[in-house]
Amino acid sequence: MKFITVDTYEKLSRQAANIISAQVIIKPDCVLGLATGSSPLGTYKQLIDWYNKGDIDFSSVTSVNLDEYVGLDGSSNQSYRYFMNKNFFEHINIDINNTFVPNGCADDLVTEGLNYDRHIEELGGIDLQLLGIGLDGHIGFNEPDRYFVKSTHVVDLHESTIKANSRFFANEDEVPKQAITMGMVSIMQAKKILLIASGKAKYDILKKAFYGPITPEIPASILQLHPDITVIYSEN
Ligand code: GLP
């Protein structure tokens, strides 16, 4: 594991964008696993900037996102599909048909999960998975539990996650109570993982996740077993 600490969010974003752009340059038709939340916003901004300067070409890239709220479709501006379109995809030359986010409005969410995993497998797996980390140690929406869940599945969001994510909604009651998230197999089978976290509030959970015991009670701790993971932490 490579653990990099920097002092500012700008530096974190630049380093993360560097790793992603290196992946795209080395393998133009790569599969990027992408994440939402505040942490990757600066990274996406930096990548857009380099795209505008002509330094990166996303035309052959495929992306698969980690998760989506149950009951929100792409037209809802709190959905993760909307987040990805507005904050990244609409500003680069990725083919929108090659961008995938689990469908939180599917009639049968179990089948949706199985199909999502099968699709990732058919794509040849994820080359580089970008991750954030929740304050309770969740990755994607894999919440603390008694066991690690392997496949893409529906999860009941924990109270603390609903509270943390309510900042994106008018109020806490509007936050969906469930999400569909990639499970640990697709994440752990990614060839490379890049986890980014910023701010002092994330420090304790990072320490527990990467230097404590591997336990489903801290889902991100499973990443200690990954052979090629880089963590970038910025204090501010
Ligand atoms: C959400 C997302 C996660 C993300 C986490 C942390 O719950 N489902 O994928 O890592 O929030 O978000 P932030 O980067 O805003 O702290």
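Residues numbered from 1 in each chain as written. Predicted model: local features only at pLDDT ≥ 70, side-chain atom pairs only at ≥ 80, totals over all residues. Heavy atoms only, no water.

(A) Molecular detail of the nonpolar core. Of all hydrophobic cores here, the largest spans 29 residues; its most connected members are Ile 187, Leu 195 and Leu 223. Elements supplying a minimum of two residues to this core: helix H4 (109–122), helix H6 (184–188), strand E9 (192–198), helix H7 (203–211) and strand E10 (229–234). The greatest single-element share of this core, amounting to 4 residues, is contributed by H7. Beyond its immediate sequence surroundings of up to four residues, Leu 223 is in contact with Leu 131, Ile 139, Ile 187, Met 188, Ile 193, Leu 195, Phe 210 and Ile 229. (Core = buried A, V, L, I, M, F, W, Y, C linked by side-chain atoms within 4.5 Å. Buried < 20%, exposed > 50% of the residue type's maximum accessible area, 1.4 Å probe, protein only. Helix = DSSP H or I, 4+ residues; strand = E, 2+ residues; numbered from the N terminus. Contact = heavy atoms within 4.5 Å.)

(B) Looking closely at helix H1 (residues 9–26). Along its 18 residues, H1 runs 26 Å from first to last C-alpha, staying within 8% of the 26 Å computed at 1.5 Å per residue. Buried within H1 we find Leu 12, Ser 13, Ala 16, Ala 17, Ile 20, Ser 21, Gln 23 and Val 24. Buried residues of H1, seen end-on, are gathered within an arc of 155° and therefore sit on one face of the element. Opposite the buried face of H1, by more than 90 degrees, sit the exposed residues Ile 25 and Ile 26. Check the buried side of H1 and you find it contacts strand E1 (2–6), strand E2 (31–34), helix H2 (41–52), strand E6 (128–131), E9 and E10. (Expected span 1.5 Å × (residues − 1). Arc of directions from axis to C-beta.)

(C) Broad picture of the sheet that holds strand E8 (residues 178–181). Spatial strand order, E4-E8-E7: 3 strands in an open sheet with antiparallel pairing. Looking at strand neighbours, the two that pair on one side only are strand E4 (67–69) and strand E7 (153–156), the edges of this open sheet. Each adjacent strand pair in this sheet contributes to an overall mean axis angle of 25°, direction not counted. Relative to E8, E7 runs antiparallel, the two sharing 4 bridges. Paired with Val 154 across the bridge in E8 is Ile 180. (Pairing = 2+ DSSP bridges. Axes fitted to C-alpha atoms, helices over the stretch in contact; angles between N-to-C directions.)

(D) Quick look at the environment of Gln 78. Looking at the element boundaries, Gln 78 is found in the loop between E4 and helix H3 (80–87). In this structure Gln 78 comes out as partly exposed when scored by relative accessible area, which is 24%. Sequence separation between Gln 78 and His 138 is 60 residues; the distance between their C-alpha atoms is 19 Å. From its side chain, Gln 78 meets the backbone oxygen of Phe 168 in a polar contact 3.1 Å long. (Polar contact = N/O pair within 3.5 Å; in protein donor to acceptor, adjacent residues only side chain to side chain.)

(E) Quick peek at the site of the ligand. In the vicinity of the ligand lie 13 residues, with Ser 38, Ser 39, Asp 67, Arg 167 and Lys 202 positioned nearest. At 3.2 Å, a backbone N or O of Gly 140 approaches a nitrogen atom of the ligand. Contact between the ligand and Lys 202: an oxygen atom at 2.7 Å from a side-chain N or O atom of the residue. Within the complex, the protein chains bury 94% of what would otherwise be the 390 Å² of accessible surface of the ligand. Partitioned by chemical class, the residues of the shell around the ligand number 3 nonpolar, 7 polar and 3 charged. (Near = heavy atom within 4 Å. Areas by Shrake-Rupley, 256 points an atom, 1.4 Å probe, with all protein chains shown as cover. Nonpolar A, V, L, I, M, F, W, Y, C, P; charged D, E, K, R; others polar.)

(F) Layout of the packing of H1 against H2. One can describe the packing of H1 onto H2 by two numbers: an axis separation of 8 Å at closest approach and a directional angle of 60°. As far as their axial angle goes, H2 and H1 are oblique. Once H1 is placed against H2, the crossing between them reads as right-handed. Between H1 and H2, the residues in contact are Tyr 9, Ser 13, Arg 14, Ala 16, Ala 17, Asn 18, Ile 20 and Ser 21 and Leu 41, Gly 42, Thr 43, Gln 46, Leu 47 and Trp 50, respectively. By residue class, the composition of the contact of H1 with H2 is 7 nonpolar, 6 polar and 1 charged. (Parallel < 35°, antiparallel > 145°, perpendicular 65-115°, else oblique. Left-handed = near helix turned anticlockwise from the far one by under 90°.)

(G) Examining H2 more closely. In this model, H2 (12 residues) spans 17 Å end to end at C-alpha, consistent with the 16 Å of a helix rising 1.5 Å per residue. For H2, every residue scored as buried is listed here: Gly 42, Thr 43, Tyr 44, Gln 46, Leu 47, Ile 48 and Trp 50. For H2, the secondary structure elements touched by its buried residues are H1, E2, H3, E6 and E9. Downstream of H2 by one or two residues, Gly 54 has phi in the positive range, about 85°.

(H) Structural context of the sheet that holds E2. Pairing in this open sheet of 7 strands is parallel, and the strands run E1-E10-E9-E6-E2-E3-E5 from one edge to the other. Each of the sheet's edge strands pairs with one partner strand only, and the pair in question is E1 and strand E5 (99–100). When E2 meets strand E3 (residues 62–65), the two strands line up parallel, connected through 4 bridges. Bridging across to E3, Leu 32 finds its partner in Ser 63. Against the sheet, H1 contacts E1, E2, E6, E9 and E10, and its axis sits at roughly 165° relative to E9. Strands in contact with H7 are E1, E9 and E10; relative to E10, the strand with the most contacts, it is inclined by about 160°.

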